[in-house]
Amino acid sequence: MKRIFILGLMFKIQNSYKLCYDYTMLEEMRNIEQQIDIERLSKNMDAIFVLAKKLKDLAENERDDYYMAVACYYIANYNLNKGNYQEALDFALDGITYGEIISANFYLIQLNNLVGMIYGTLGDEVNSVQYTLKAYYIAKMNNVNRSVYILTNNLGVLFYDLQYYDIAYEYFLESFKERGITDSSLLKINDGFNIINLVGCSLHLHKMDDYRQWMSYLEVYREKYTEFTVEDDYLLYQIYEAYYAADYQLMIERIYQFLNLCSKDLDQLHTYKDMVQIFKLCVEAGFEELSNVLLEQLNIYMKQYPEYKRTSRLMEYYVEYSIKFRKEQLKDVLFNYYLSKKKEDEAWKREMKSTLITNINMEKIVYEQKIILKTNEELRKNMELEEFTRVLNKNAFTNYVKAELEMMHQDQYMALFIIDIDKFKNINDTMGHYYGDQVLIQIVEAIKKNLRDNDYLGRIGGDEFSIFMKNILSMDYLNEKTENIMKSIQSIAGECQVSASVGLSVISQKCDFESLFKSADEAMYEAKNNGGNRYCLKMLDE
């Protein structure tokens, strides 16, 4: 391909080195993110942490908000798994701040969900639900269906832990519907968490028909997959079922099966929560020896998670244990305190439930308002699109470029392209207008695949298109983009060879739209007058 370079119109030398350096740093940060994805597959948390710290240092130096959000997420997740809850919370909240600046929706979903998990672990139920709901509605707004399914399940877990089984059950049912499972043969390995939660809720709510239905799903799942967290919960509900049926021999057998299995579950905090419930049942059933075994194991778990705040439930059951098996050690004051504390907790739970339901309704209203705004925005955008090619019409394209030029910073490189299809009239005259219209549609698709999300593409004439690019990294990048666009147009298959003449005007200082457009138009005609199928670039500032 021939091309014309107007020498002397290159970027200012003192800035070109910086642009190339920034591009190199960007590539390095992208590579680190890809390495993190590889390590995630092998669940190598230590390697991920080292990479995330390196990414954070680079992003901090480059003031890159996207990669700061990415780094904060992985560092926070690492600290959560290590039991460093406050440090995890600080990094996750920072990550949300960075993510909101550039609307990094994928990581905003992950970070808000992570903050919800951390607050839940710290015993702050209101913030836990609030942040998880934020993640849920970001996912719904952006049609991230897999995240919606997971987050709906997570909301159910939050309410399940609070023993609001009726609310939890509704979320678990919604999560199941999101997966679209019509038959147990369609279950995947991650579905086990949702199914076991439905089993637990239906059992606690004494919905025995539902319980049997979900158990049938679970049995199919257990034949296909082995997930130790699911197995822990399965045995927990088998223990509950035996307890409700007063089959204490079977209950004891199931408890020992649980104790043999629980060491295999990597999520030891989850195992601890299950064991607390089993300890309570043992106390109520009067199993003193087995209660002692469980209590000894629970004390070991508590030492592993010194920052875990939800220990009050175990302490409550420990008082019941002491009343039943060690009453002589209890003083009357402790006994009376326990009774009054239970009454206070019941009142607090009623108030908390009301607060949480209010929060749910508020978040739903906000979500519905955003849907309305999004619909209105989509209608506005449709009005801006050229009816045939569905790219920006000339008026809308001009307005967007003018707005970008108004906000332009010094030494921020921008470029306007004008693309004119070579001898397009001949195509219409020889092949017909219908054929010519199909060529135009293919040209639009060829151009689009070479553009970034923040580039603008408009149709400014019958066979003329214009592109506006900001934040250009280097001269090499711009040349490469232009060549790729021209090659893509040339590669359009058909009975006629298609090519284009392209004019570019590049600026690094504020400029009005008319001057920029005129410069690009002149460059396009220079390319066309030199035979077409080439491009010409002008630096307007020089």
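You'll find the structure just up there.
First, a word on what this report is: a plain description of the structure on this page.

Calculation notes
- Residues numbered from 1 in each chain as written.
- Predicted model: local features only at pLDDT ≥ 70, side-chain atom pairs only at ≥ 80, totals over all residues.
- Heavy atoms only, no water.
- Pairing = 2+ DSSP bridges.
- Helix = DSSP H or I, 4+ residues; strand = E, 2+ residues; numbered from the N terminus.
- Axes fitted to C-alpha atoms, helices over the stretch in contact; angles between N-to-C directions.
- Contact = heavy atoms within 4.5 Å.
- Left-handed = near helix turned anticlockwise from the far one by under 90°.
- Nonpolar A, V, L, I, M, F, W, Y, C, P; charged D, E, K, R; others polar.
- Buried < 20%, exposed > 50% of the residue type's maximum accessible area, 1.4 Å probe, protein only.
- Polar contact = N/O pair within 3.5 Å; in protein donor to acceptor, adjacent residues only side chain to side chain.
- Core = buried A, V, L, I, M, F, W, Y, C linked by side-chain atoms within 4.5 Å.

Here we look at the sheet that holds strand β5 (residues 534–539)
Pairing in this open sheet of five strands is mixed, and the strands run β2-β3-β1-β4-β5 from one edge to the other. Where the open sheet ends on each side, the last strands, each with one partner, are β2 (456–459) and β5. Neighbour-to-neighbour, the strand axes of this sheet turn through a mean angle of 15°, independent of strand direction. As judged from the six bridges shared by strand β4 (residues 500–507) and β5, these two strands associate in the parallel manner. Each bridged residue has a counterpart across the sheet, and for L504 the counterpart in β5 is L537. With respect to the sheet, helix α19 (residues 433–448) is in contact with β1 (414–421), β2 and β3 (464–469), its orientation differing from that of β3 by roughly 15°.

Focus: the packing of helix α8 (residues 165–179) against helix α9 (residues 191–204)
Interaxial distance between α8 and α9 falls to 9 Å at its minimum, and their mutual angle equals 145°. Here α8 and α9 pass one another in a crossing that is left-handed. Residues Y165, A168, Y169, F172, L173, S175, F176 and R179 of α8 form the contact with α9, whose own contacting residues are D191, N194, I195, N197, L198, C201, S202 and H204. Residues belonging to the contact of α8 with α9 are distributed by class as follows: nine nonpolar, five polar and two charged.

Describing the environment of S103
As for its placement among the helices and strands, S103 is situated in the loop between α4 (85–101) and α5 (105–121). Judged by relative accessible area, which is 48%, S103 ranks as partly exposed. Separated by 37 residues in the primary sequence, S103 and Y66 have C-alpha atoms spaced 8.7 Å apart.

A few points about the side chain of Q268
Mapping Q268 onto the fold places it in helix α13 (residues 268–285). Of note is the side chain of Q268, whose polar atom sits 3.3 Å from the side chain of Y301. Other than its neighbours up to four places away in sequence, Q268 contacts C262, S263, Y301, Q304 and Y305.

Some points on the nonpolar core
Among the nonpolar cores identified, the biggest contains 117 residues, and I118, F159, L218, M251 and F279 are the most heavily contacted of them. Per element, the largest residue contribution to this core is twelve residues, and it comes from helix α3 (residues 65–81). F279 has contacts with S291, L294, L295, L298, L314, Y317, Y318 and Y321, leaving out every residue within four places of it along the chain. By size, the runner-up hydrophobic cluster in this structure holds 37 residues, among which are F424, L451, I467 and I472.

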